[in-house]
Amino acid sequence: LAVRDCLLHEWPAAADGPEGVRPLLAEHTIEVIDTGILVDVAMVGQAVAKLLPFSGDDIYNWCIKNGHYGLAARATNFGMGTVRKNRALLTDYFADYFAE
């Protein structure tokens, strides 16, 4: 949201510019996407992702909220390793998703 607000903020044009003040991206829209759920869907499929009562992000957030910082670090390392190992699958999934 901070990036969107920054891009849509009305920035002054150059002193000699004819347009005055205008939003930087007035003619565009910006979509914010939770890529965590996309990774879950790519890894286990839509049906399984919907059946799971929690996501990888939920596990990490629970660990941090409850002071289990070491466990959160391990979950992060596990997630990074999983993403690294499945890079081709995720790259193809994200390419297809954003092509739509």
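Bear in mind that the values here come from a model prediction, so they are computed numbers and not experimental data.

Caption draft 1: Seen up close, the side chain of Ser 55. Tracing the backbone through its elements, the reader meets Ser 55 in the loop between helix H3 (46–51) and helix H4 (56–65). A relative accessible area of 15% means that Ser 55 is categorised as buried. Within the structure, Ser 55 has its side chain in polar contact with the backbone nitrogen of Asp 57 (distance 3.3 Å).

Caption draft 2: Quick peek at the packing of aromatic side chains. Across all of its chains, the model carries 3 aromatic pairs by this definition. Centre to centre, the rings of Phe 94 and Phe 98 are 6.1 Å apart; their planes meet at 25 degrees, and the pair counts as stacked. Of this pair, Phe 94 and Phe 98 both sit in helix H6 (residues 87–99), 4 residues apart, which is roughly one turn of the helix. Of the residues examined, Phe 98 reaches a relative accessible area of 49% and is grouped as partly exposed. Note on Tyr 97 and Phe 98: the rings are 5.1 Å apart at their centroids and 90 degrees apart in plane angle, and the pair reads as edge-to-face. Judged by relative accessible area, which is 27%, Tyr 97 ranks as partly exposed. An aromatic cluster is built from Tyr 93, Phe 94, Tyr 97 and Phe 98, whose rings are joined through pairwise contacts.

Caption draft 3: Fine view of the side chain of Asp 40. Position of Asp 40 among the secondary structure elements: in helix H2 (residues 35–44). No salt bridge is formed by the buried Asp 40; the nearest opposite charge belongs to Lys 50, separated by 13 Å. The contact partners of Asp 40, leaving out residues within four places of it in the chain, are Gly 45, Ala 49, Ser 55 and Gly 56.

Caption draft 4: Layout of the packing of H4 against helix H5 (residues 69–85). Packing of H4 against H5 brings their axes to within 8 Å, and their N-to-C directions diverge by 160 degrees. Judged by the inter-axis angle, H4 sits roughly antiparallel to H5. In terms of crossing hand, the pair formed by H4 and H5 is left-handed. Contacts between H4 and H5 involve Tyr 60, Cys 63 and Ile 64 from the former and Tyr 69, Leu 71, Ala 72 and Thr 76 from the latter. The class makeup of the residues in the contact of H4 with H5 is 6 nonpolar, 1 polar and no charged.

Caption draft 5: Highlighting the packing of H2 against H6. Two elements in contact, H2 and H6, have axes whose closest approach is 10 Å; the angle formed by their N-to-C orientations is 120 degrees. Relative to H6, the element H2 lies oblique. The handedness of the crossing between H2 and H6 comes out as right-handed. Contact residues: Thr 35, Leu 38, Val 39, Val 41, Ala 42 and Met 43 in H2; Leu 89, Leu 90, Tyr 93, Phe 94 and Tyr 97 in H6. Of the residues contributing to the contact of H2 with H6, the split by class is 10 nonpolar, 1 polar and no charged.

Conventions we followed
Residues numbered from 1 in each chain as written. Predicted model: local features only at pLDDT ≥ 70, side-chain atom pairs only at ≥ 80, totals over all residues. Heavy atoms only, no water. Helix = DSSP H or I, 4+ residues; strand = E, 2+ residues; numbered from the N terminus. Buried < 20%, exposed > 50% of the residue type's maximum accessible area, 1.4 Å probe, protein only. Polar contact = N/O pair within 3.5 Å; in protein donor to acceptor, adjacent residues only side chain to side chain. Phe/Tyr/Trp six-rings, centres within 6.5 Å; stacked < 30°, edge-to-face > 60°. Lys, Arg positive; Asp, Glu negative; His and termini not counted. Salt bridge = Lys/Arg side-chain N within 4 Å of Asp/Glu carboxyl O. Contact = heavy atoms within 4.5 Å. Axes fitted to C-alpha atoms, helices over the stretch in contact; angles between N-to-C directions. Parallel < 35°, antiparallel > 145°, perpendicular 65-115°, else oblique. Left-handed = near helix turned anticlockwise from the far one by under 90°. Nonpolar A, V, L, I, M, F, W, Y, C, P; charged D, E, K, R; others polar.

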